[in-house]
Amino acid sequence: AHIEIEGASAIELPSSGRLLQIGRLRDNDICIEDETVSRYHAVIERSGDGGVTITDVSSQEGGGIRINGERML
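Small disclaimer: the values here were computed from a predicted structure and weren't measured.

Summing up its helical and strand segments, the protein chain has 0 helices and 8 strands in all. A fraction of 21% describes how many contacts in the protein chain between residues 6 or more apart in sequence connect residues 24 or more apart.

In structure tokens form, the structure reads like this:
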């Protein structure tokens, strides 16, 4: 899967089930330097059926997740 994140460079999701971390801190796989992004904001993982799962791991006060500009609940 090819993933593009506004404010970060595009990446290819590994074919293995390894998680990719998204957040504001530099130790994330995808670092987005924006105050609306939590230090550890979300994780992306390829599921067993070939799909992709994104999980919000930010605090309840976090900014949530948007996919193609649409807020996901």
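What follows covers the pattern of salt bridges. The full count for this structure, using the stated rule, is 1 salt bridge. As a salt-bridge pair, Arg26 and Glu33 come within 2.3 Å of each other at their nearest N and O atoms.

Once that is clear, we can look at the pairing of strand β6 (residues 52–56). Examined bridge by bridge, strand β5 (residues 42–46) and β6 share 5 bridges and lie antiparallel to one another. Following the sheet pairing, Glu45 is matched in β6 by Thr53. Between β5 and β6, which pair antiparallel one after the other, the connecting turn spans 5 residues, and Gly50 there sits at a positive phi close to 95°.

The next point concerns the sheet that holds β6. Taken in spatial order, the 4 strands line up as β4-β3-β5-β6 in an open sheet, and their pairing is mixed. Across the chains shown, the open sheet's two edge strands, defined by having one partner strand only, are β4 (30–31) and β6.

Here strand β3 (residues 20–23) runs beside β5; their pairing, made up of 3 bridges, is antiparallel. Bridge assignment links Gln21 to a residue of β5, and that residue is Val43. Relative to β4, β3 is paired through 2 bridges, and the arrangement is parallel. When the bridges of β4 are listed, Ile22 appears paired with Ile30.

Of all residues except glycine, most have a negative phi; of all peptide bonds, most are trans. One non-glycine residue with positive phi stands out, namely Asn68, at about 55°. Tracing the chain through its elements places Asn68 in the loop between β7 (65–67) and β8 (70–72). Given the relative accessible area of 82%, Asn68 is considered exposed.

Rules behind the numbers
- Residues numbered from 1 in each chain as written.
- Predicted model: local features only at pLDDT ≥ 70, side-chain atom pairs only at ≥ 80, totals over all residues.
- Heavy atoms only, no water.
- Helix = DSSP H or I, 4+ residues; strand = E, 2+ residues; numbered from the N terminus.
- Contact = heavy atoms within 4.5 Å.
- Salt bridge = Lys/Arg side-chain N within 4 Å of Asp/Glu carboxyl O.
- Pairing = 2+ DSSP bridges.
- Buried < 20%, exposed > 50% of the residue type's maximum accessible area, 1.4 Å probe, protein only.

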